[in-house]
Amino acid sequence: DCVRACPSTCIALTEASFTIRSSNPWLPKRDPLDQIGRLRVPILFIHGADDTVIFERHSRSLYERATGQKRLLIFPHAGHAHQLILSNLVDCAHTIRDWFDQTLR
């Protein structure tokens with residue numbers, strides 16, 4: 001358990017701690033939900049259903065607000081970032097390749 005092993009340096013990744021960020025705390029934080037509609041490029045959202053860092057509803061909210069060509073793929077039983085990719089390597093690679101083939105002509 002990370003919290004027991006290193007309580008002074010470990011942050012429990014819960015919904016309550018979702019607003020914690022590693023960037024400069026004195027700079028204003030832009031809300032991704034307010035920014036996503038400004039993007040004018042195709043967006044592929046890949047999310048792990050068991051992600052405890054970014055909750056699935058956050059990806060769904062971003063997807064809903066995104067304009068233009070977009071796709072949302074939720075991998076069941078997958079975690080965050082590298083955990084999602086490593087546990088679904090072939091499917092992720094095919095999905096990303098196919099997305100590039102469709103959108104980067």
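Everything that follows concerns the structure shown earlier in this document.
As the structure is a prediction and not an experimental result, all values here were calculated from the model. Starting afresh in each chain, residues are numbered from 1 along the sequence in its written order. Totals for whole chains, interfaces and linings use every residue, but because this is a predicted model, local features are given only for residues with pLDDT of at least 70 and side-chain atom pairs only at 80 or more, for both listing and counting. Hydrogens and water molecules were not included; the side-chain quantities draw on all heavy atoms of the structure.

This part covers the overall build of the protein. Numbered from the N terminus, helices here are DSSP runs of H or I no shorter than four residues, and strands are runs of E no shorter than two. Of the regular secondary structure elements, the protein holds 5 helices and 2 strands. For the protein, the sequential pattern of α-helices and β-strands runs α-α-β-α-β-α-α. For the protein, buried positions account for 22% of its 105 residues. Whether two residues are in contact is decided by their heavy atoms: any pair within 4.5 Å suffices. Restricting the contact set of the protein to residue pairs at least 6 apart, pairs at least 24 apart contribute 63%. Counting only carbon and sulfur atoms, one obtains 57% of the accessible surface of the protein, whose full area is about 7,800 Å². For the exposure calls, accessible area comes from a 1.4 Å probe over protein chains only, and a residue counts as buried if that area is under 20% of its type's maximum, exposed if over 50%, partly exposed in between. All accessible-area figures derive from a Shrake-Rupley calculation using a 1.4 Å probe, and residue coverage is judged against the displayed protein chains alone.

Residues enter patches when their relative accessible area tops 30% and they take part in no salt bridge; the joining distance is 9 Å for like charges and 5 Å for the nonpolar side chains Val, Leu, Ile, Met, Phe, Trp and Tyr. The term salt bridge refers to a pairing of a side-chain nitrogen on Lys or Arg with a carboxyl oxygen on Asp or Glu at a separation within 4 Å. Taken together, the side chains of Ile 85, Leu 89 and Val 90 define a hydrophobic patch exposed on the protein surface, amounting to about 270 Å² of accessible area. Locating Leu 89 in the fold gives a position in helix H5 (residues 89-103).

Residues Ile 36, Ile 43, Phe 45, Leu 62, Ala 66 and Leu 72 constitute the largest nonpolar core, which totals 6 residues. Ignoring anything within four residues of it in the chain, the contact list for Ala 66 reads Ile 36, Ile 43 and Phe 45. Core analysis: the next-biggest nonpolar cluster, separate from the first, contains 5 residues, Leu 73, Phe 75, Ala 78 and Cys 92 among them. Only buried residues count toward a nonpolar core, which is a set of Ala, Val, Leu, Ile, Met, Phe, Trp, Tyr and Cys residues joined through side-chain atoms within 4.5 Å.

Now for the pattern of salt bridges. Side-chain pairing between opposite charges can occur once the charged atoms of the two side chains come close. Following the criterion strictly, the structure yields 3 salt bridges and no others. One salt bridge connects Asp 34 with Arg 65, and the closest N-O pair in it is separated by 3.9 Å. With Asp 34 in helix H2 (residues 32-35) and Arg 65 in helix H3 (residues 56-65), the pair connects residues that are 31 residues apart, well separated along the chain. A residue is classified by how much of its surface remains accessible, and Asp 34, at 51% relative accessible area, is exposed.

A helix is expected to span 1.5 Å multiplied by its residue count minus one. The terminal C-alpha atoms of H5, which comprises 15 residues, lie 21 Å apart, in line with the 21 Å expected from a rise of 1.5 Å per residue. Residues of H5 that are buried sit in contact with strand E1 (43-48), strand E2 (70-75) and helix H4 (82-87).

So, on to the side chain of Asp 51. Tracing the backbone through its elements, the reader meets Asp 51 in the loop between E1 and H3. As a buried residue without a salt bridge, Asp 51 has its nearest oppositely charged side chain in Arg 57, at a separation of 11 Å. Nitrogen and oxygen atoms within 3.5 Å of one another constitute a polar contact, given that in protein one can donate a hydrogen and the other can accept it, and given that sequence-neighbouring residues count only through two side-chain atoms. Of the polar contacts made by the side chain of Asp 51, one reaches the backbone nitrogen of Val 53; its length is 2.7 Å. Side-chain polar atoms of Asp 51 contact the backbone nitrogen of Ile 54, separated by 3.0 Å. With residues near it in sequence (within four places) discarded, Asp 51 still touches Ala 78, Gly 79 and His 80. The charge count treats Lys and Arg as positive and Asp and Glu as negative. His and the chain ends do not count.

What is shown is where atoms sit, not what they do.
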